[in-house]
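Residues per chain are reported as follows:
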Amino acid sequence: MKEYDVIIVGGGIHGAGVLQAVAAAGYTSLLIEKHALASGTSSRSSKLIHGGLRYLESGQFALVRESLRERAIHLRIAAELVELKPFYIPVYRDTRRRPWQLKLGLGMYALLGGFDPGTRFGAVPKRDWSTLDGLDTRGLTAVIRYHDAQTDDP
């Protein structure tokens, strides 16, 4: 019986990504998939390749750094499949976090990402708020833009 260094169960986007990473690292690997590769998991996902912004609040700085590093690798080696997308954080009068707090957090995010272009952020000018589809401007005090990545796999 053949032996493998790594056996991966599931051939969705994550399984395929792990397979690519371990193969590139020189490990022998086997991927086991019940159906055809990527036969449905990707269609049910947000397809985000996020930089780990949500981990900042709980102080998981190493995880944020790792997520940003992995995202940068995806953007570099799979530029035809992965691209940066703007995300918007609306701040209303009753929003718990104030714009300065969000900017401080995004500044830390940029620092952890080595100030990579993908970690740029800023306030959206009030004159541009009407261009943001579906945004309720009643009680809106600020809009902060940052970037994350998304894949549009075939």
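Treat the numbers as computed from the prediction; the structure is a model and nothing was measured. (Residues numbered from 1 in each chain as written. Predicted model: local features only at pLDDT ≥ 70, side-chain atom pairs only at ≥ 80, totals over all residues. Heavy atoms only, no water.)

## What to know about the overall build of the protein chain
- A count of helical and extended segments in the protein chain gives 3 helices and 6 strands.
- When the elements of the protein chain are put in sequence order from the N terminus, they spell out β-α-β-β-α-β-α-β-β.
- Here the C-alpha radius of gyration of the protein chain, 19 Å, is well above what a compact globule of 154 residues would show, namely 15 Å.
- If one aligns the C-alpha atoms of the protein chain with their principal axes, the spans along those axes are about 65 × 30 × 25 Å.
- Across the 154 residues of the protein chain, 28% fall into the buried class.
- Look at the contacts in the protein chain between residues 6 or more apart in sequence, and 63% of them connect residues 24 or more apart.
- For the protein chain, the accessible area works out to roughly 10300 Å², and carbon and sulfur atoms hold 56% of it. (Helix = DSSP H or I, 4+ residues; strand = E, 2+ residues; numbered from the N terminus. Rg over C-alpha atoms; globule rule 2.2 N^0.38 Å. Buried < 20%, exposed > 50% of the residue type's maximum accessible area, 1.4 Å probe, protein only. Contact = heavy atoms within 4.5 Å. Areas by Shrake-Rupley, 256 points an atom, 1.4 Å probe, with all protein chains shown as cover.)

## Describing the nonpolar core
- With 13 residues, the main nonpolar core has Leu53, Leu56, Val64, Leu106 and Tyr109 as its most contacted residues.
- For this core, the secondary structure elements donating two or more residues are helix H2 (61-77), helix H3 (99-112) and strand S6 (140-151).
- At 4 residues, the largest contribution of residues to this core is made by H3.
- For tyrosine 109, the contacting residues outside a window of four places in its chain are Gly51, Gly52, Leu53, Leu56, Val64, Leu68, Arg71, Thr119, His147 and Asp148. (Core = buried A, V, L, I, M, F, W, Y, C linked by side-chain atoms within 4.5 Å.)

## Some words on the pairing of strand S2 (residues 29-32)
- In this structure, strand S1 (residues 6-9) lies alongside S2, joined through 4 bridges in parallel fashion. Within S2, the residue paired with valine 6 across the bridge is serine 29.
- Crossover S1 to S2 through helix H1 (residues 13-24) is right-handed. (Pairing = 2+ DSSP bridges. Right-handed = clockwise from strand over helix to strand, strands pointing away.)

## A closer look at the side chain of threonine 151
- Within the secondary structure layout, threonine 151 lies in strand S6.
- One polar contact links the side chain of threonine 151 to the main-chain carbonyl oxygen of leucine 81, over a distance of 3.0 Å.
- Once you skip the residues sitting within four places of it in the chain, threonine 151 turns out to touch Ile13, Lys47, Ile49, Leu81 and Val82. (Polar contact = N/O pair within 3.5 Å; in protein donor to acceptor, adjacent residues only side chain to side chain.)

## A short note on the environment of tyrosine 146
- Mapped onto the elements of the fold, tyrosine 146 is located in strand S6.
- Among the residues examined, tyrosine 146 registers a relative accessible area of 11% and is labelled buried.
- Sequence separation between tyrosine 146 and threonine 119 is 27 residues; the distance between their C-alpha atoms is 7.0 Å.
- The residues contacting tyrosine 146, other than those within four sequence positions of it, are Leu53, Lys85, Pro86, Phe87, Ile89, Leu106, Arg120 and Phe121.

## Structural notes on the environment of glutamate 33
- Here glutamate 33 shows up in the loop between S2 and strand S3 (48-49).
- With a relative accessible area of 27%, glutamate 33 lands in the partly exposed category.
- Engagement of the side chain of glutamate 33 in a polar contact is seen with the backbone nitrogen of glycine 11, the distance being 2.5 Å.

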